[in-house]
Amino acid sequence: MDTVSEFATPPATAAAPRRPLAAKIDRVLGVIVEIPAAILVVAEVVVLFSGIVARYLLHTPLTWSDELASTLFLWLAMLGAVVALRRGEHMRMTALVSRCTPEWRNFFDALGVAAGLGFLLLIIGPAFRWAEEEAFITTPAMEISNVWRAAAFPVGVGLMIAFSLLRLTMRSGVPQALLALALVAVAVAGFWWLGPMLKTLGNLNLIIFFVGVVGFCVFSGVPIVFSFALATFGYLALTTRVPTMTLVGRMDEGMSHLILLAVPLFVFLGLLIEMCGMAKAMVRFLASMLGHVRGGLSYVLIGAMYLVSGISGSKAADMAAVAPALFPEMKARGAKPGDLVALLSATGAQTETIPPSIVLITIGSVTGVSIAALFTGGLLPGVVLAIGLCFVVARRYRHDDLSHVVKAKWPEIGKTFIIALPALALPFLIRAAVVEGVSTATEVSTIGIVYSLIIGLLVYRQFNWSRLGQILIDTASLSGAILIIIGAASAMAWGLTQSGFSRTLVEIMTHLPGGAIGFMAVSILAFIILGSVLEGIPAIVLFGPLLFPIAKLVGIHEVHYAMVVVLAMGLGLFAPPFGVGYYAACAIGKVNPDEGIGPIWGYMLALLIGLIIVAAVPWFSIGFL
């Protein structure tokens, strides 16, 4: 199954011809894009960390650092999106497509590329006009034209057009590619022809575009970013008088919020701790403490995911860091592969609220909720769900034969603790830096990166320089896939708001039976479904700005509501048959997805019960604010 950006594992498709000239162009263009993208990741770290040093140690703030970081950030987001498109790592929902024959999967892959190409060709003109408009703006600190920043959008769109054409040429047969392009062209022409009639339908267009078009595209395997963008472009162009250039501006506004600078940096940090051996050190310490009890390594997996999630913002990076260190020994003790990936997937959902969660950062960006409050509020809900998982583990492994397992002695536990101590200190360092005001939630990731570099080089001495370039490119790709979908979802949310949908939604949700309880119950159900179909971040960006004000209106604390919807979204994201996070866990564990479907439901039930407890008891989320 083709999962999503950070959960990317391309599906098996019918053999497609690889054309030497196209492959050569693809390689050359790929290098031209990947090298600047990797350099931009390093530049962001340097700029933001320099700002911390100048402000906190030298007491001479760099007034231009945020402005430069913002300019570089849009270039990083767009070039990262280009890299993700080239590698086929944009978020897709392919639960239905993966059930087709290889030939049909190849066709739907071509259709996804063609639909994205259609949007890119429609938006390239407005993107250039928007960049020209930005040329008249001068930045206040650096005093340069804003076109240096805005040019990233049309350049990125142009490169994505080039790589889309190359993907169609290299990876699709001629009949499939031509048929996919023809279908997209007919669909675009048909909607354009129906434009005058659509203008007379009023709010019925919301169902046509934001339910019909989005639904058809998503379930056909079109990347979610292009599903959202096509629907929004069609709605604005055909049913309103809003210039299409506004869509570019709204996407830029959504993906350029300064808080979102933390996304690529925490992704990089997550990959870095795995490479430096820090995650492995933490796992070994926990294993020395609990490895001798029944189900001990399963408890270690739960605890390790909690600790590693306190460092990385990327769930795929968390699972990839923990699973290889534990799975071989767990299998040796008789654990079934299906049960391992089921628990790994469940811990992915359980730790969604552990700071520095990218989803929490996204919520802070789109709703204005304090990032520091979200980071504080996310710790205990994860513990509540972890206790539920531990109950299931205790029941499943109560008859384990541990006669061959040697209990670690205290000196050995002490040794592993000392070795793990530098790694164990990192989550506390990150949190303390934010709480004590040393850095913002955006900047704190750079402290973690510098700390990990030092520890990896001087303490664990596992720093693999040969992998660094690939890690930087992976960071850019994953970050670009995340950020551009935030931009598309933000533009779609703005379109819904302008249509008056938000007022209708407020009216409906505030009059649900049961008041706050009814609203919370409906929100849980909605975000489980949305997390399963759309993946977490697009669901949060799309509905967060609409639902958070309603939650406040009915008397629910915004941090409490954030924890509940994030956990609900995680439940959908990591539950089969649609949850892409589940398939990511299977890919990381190298286990057939069918093996984990049976064992996972006990864990999912425990998570659901834990979620209901968190929803019913606000103290778990806001007791320490």
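Because the structure is a prediction, the values reported are computed rather than measured.

Student: Summarise the overall build of the protein; cite the residues concerned and give the values.
Tutor: Counting its regular elements, the protein contains 28 helices and zero strands. For the protein, the residues scored as buried account for 58% of the 625 residues in total. Long-range contacts, defined as pairs at least 24 residues apart, comprise 82% of the intrachain contacts of the protein with a sequence gap of at least 6. Approximately 24400 Å² of the protein is accessible, and the part contributed by carbon and sulfur atoms is 70%. Each charge class in the protein can be summarised by its mean position, and for the 36 positive and 32 negative side chains these summaries are 7 Å apart.

Student: I'd like a rundown of the pattern of salt bridges, residues and numbers included.
Tutor: In this structure the tally under the stated criterion is eight salt bridges. Two residues, R86 and D26, come together in a salt bridge whose shortest N-O distance is 3.1 Å. Of this pair, R86 sits in helix α2 (residues 65-87) while D26 sits in helix α1 (residues 20-57); the two residues are 60 residues apart in sequence, bridging distant segments of the chain. Summarising the burial analysis for this pair, R86 and D26 share the class buried. Each of D26, E34 and R86 takes part in one network of salt bridges that share partners.

Student: A description of the environment of T440 should follow, citing residues and the corresponding values.
Tutor: Relative to the helices and strands, T440 is located in the loop between α19 (410-435) and α20 (444-460). Each C-alpha atom of the pair T440 and Q350 lies 26 Å from the other, and the pair is 90 residues apart in sequence.

Student: Please set out the side chain of T475 residue by residue, giving values where relevant.
Tutor: Its place among the elements puts T475 in helix α21 (residues 465-498). What makes T475 buried here is its relative accessible area of 0%. Apart from residues no more than four positions distant in its own chain, T475 is found in contact with V41, P264, V267, F268 and L271.

Student: I'd like a description of the environment of S227, backed by residues and values.
Tutor: When you line up the elements, S227 lands in helix α9 (residues 224-239). Taking relative accessible area as the criterion, S227 reaches 0% and is therefore assigned buried. For the pair formed by S227 and L238, sequence separation is 11 residues and the distance between their alpha carbons is 16 Å. When neighbours within four sequence positions are excluded, S227 is seen to be in contact with V214, C217, V218 and V222.

Student: Which residues make up unusual backbone geometry, and what values go with them?
Tutor: Negative phi is the rule for most residues except glycine; trans is the rule for most peptide bonds. Phi at E143 is positive, roughly 55°, even though this residue is not glycine. The phi dihedral of R461 falls on the positive side, at around 50°, and the residue is not glycine. By the element assignment, R461 lies in the loop between α20 and α21. Given the relative accessible area of 68%, R461 is considered exposed.

Student: Can you tell me about the nonpolar core, naming the residues and giving the values?
Tutor: If you look at the biggest cluster of nonpolar residues, it comprises 223 residues, and the most contacted ones within it are F119, F153, F527, Y561 and Y603. With 18 residues, α21 is the largest single contributor of residues to this core. For Y561, the residues in contact, after removing those within four places along its chain, are F519, M520, S523, F527, L547, F548, A551 and I556.

Student: So what about the packing of helix α3 (residues 102-134) against helix α6 (residues 174-193)? Which residues, and what values?
Tutor: Contact geometry for α3 and α6: axes closest at 8 Å, N-to-C directions at 45°. When the interaxial angle is binned, α3 and α6 end up oblique. Relative to α6, α3 is oriented so that their crossing is right-handed. Counted together, E103, N106, F107, A110, L111, A114, A115, L117 and G118 of α3 and Q176, A177, L179, A180, L181, L183 and V184 of α6 form the full contact between these two elements. Tallied by class, the residues present in the contact of α3 with α6 amount to 12 nonpolar, three polar and one charged.

Student: Tell me about the packing of aromatic side chains, and name the residues and values.
Tutor: Applying the stated rule across the entire model yields 14 aromatic pairs. Positioned over the ring face of Y603 is R396, at 4.5 Å from the centre of the ring.

Student: Explain a nonpolar patch on the surface to me, and be specific about the residues and the numbers.
Tutor: Nonpolar side chains collect at one region of the surface, where L605, L608, I609, I612, I613, V617, W619 and F624 lie side by side and expose about 740 Å² of accessible area between them. Topologically, F624 is positioned in the segment after α28 (619-622). In this structure F624 comes out as exposed when scored by relative accessible area, which is 58%.

Student: So what's going on with helix α8 (residues 204-219)? Residues and values would help.
Tutor: Taking 1.5 Å as the rise per residue, α8 with 16 residues should run 22 Å; its terminal C-alpha atoms sit 21 Å apart, in good agreement. Among all positions of α8, only N205, L206, F209, F210, V213, V214, C217 and V218 are buried. Immediately beyond the C-terminal end of α8, within one or two residues, lies G221, with a positive phi of roughly 90°.

Student: Now, about helix α11 (residues 262-275): what can you tell me, with residues and values included?
Tutor: An α-helix turns once per 3.6 residues; consequently, residues spaced three or four apart project the same way. In this model α11 runs 20 Å from its N-terminal to its C-terminal C-alpha over 14 residues, within 8% of the 20 Å that 1.5 Å per residue would give. With 12 of 14 residues buried, α11 is to be regarded as a mostly interior element. The complete set of buried residues in α11 reads A262, V263, P264, L265, F266, V267, F268, L269, G270, L272, I273 and M275. Once α11 ends, the next one or two residues include G277, with phi positive near 85°.

Student: Would you mind going over the environment of I358 in detail, with residue names and values included?
Tutor: Position of I358 among the secondary structure elements: in helix α16 (residues 358-367). With 142 residues separating them in the primary sequence, I358 and G500 have C-alpha atoms 30 Å apart.

What counts and what doesn't
- Residues numbered from 1 in each chain as written.
- Predicted model: local features only at pLDDT ≥ 70, side-chain atom pairs only at ≥ 80, totals over all residues.
- Heavy atoms only, no water.
- Helix = DSSP H or I, 4+ residues; strand = E, 2+ residues; numbered from the N terminus.
- Buried < 20%, exposed > 50% of the residue type's maximum accessible area, 1.4 Å probe, protein only.
- Contact = heavy atoms within 4.5 Å.
- Areas by Shrake-Rupley, 256 points an atom, 1.4 Å probe, with all protein chains shown as cover.
- Lys, Arg positive; Asp, Glu negative; His and termini not counted.
- Charge placed at Lys NZ, Arg CZ, Asp CG, Glu CD.
- Salt bridge = Lys/Arg side-chain N within 4 Å of Asp/Glu carboxyl O.
- Core = buried A, V, L, I, M, F, W, Y, C linked by side-chain atoms within 4.5 Å.
- Axes fitted to C-alpha atoms, helices over the stretch in contact; angles between N-to-C directions.
- Parallel < 35°, antiparallel > 145°, perpendicular 65-115°, else oblique.
- Left-handed = near helix turned anticlockwise from the far one by under 90°.
- Nonpolar A, V, L, I, M, F, W, Y, C, P; charged D, E, K, R; others polar.
- Phe/Tyr/Trp six-rings, centres within 6.5 Å; stacked < 30°, edge-to-face > 60°.
- Lys NZ or Arg CZ within 6 Å of the ring centre and 35° of its normal.
- Patch = residues over 30% accessible without salt bridge, like charges linked within 9 Å, V, L, I, M, F, W, Y side chains within 5 Å.
- Expected span 1.5 Å × (residues − 1).

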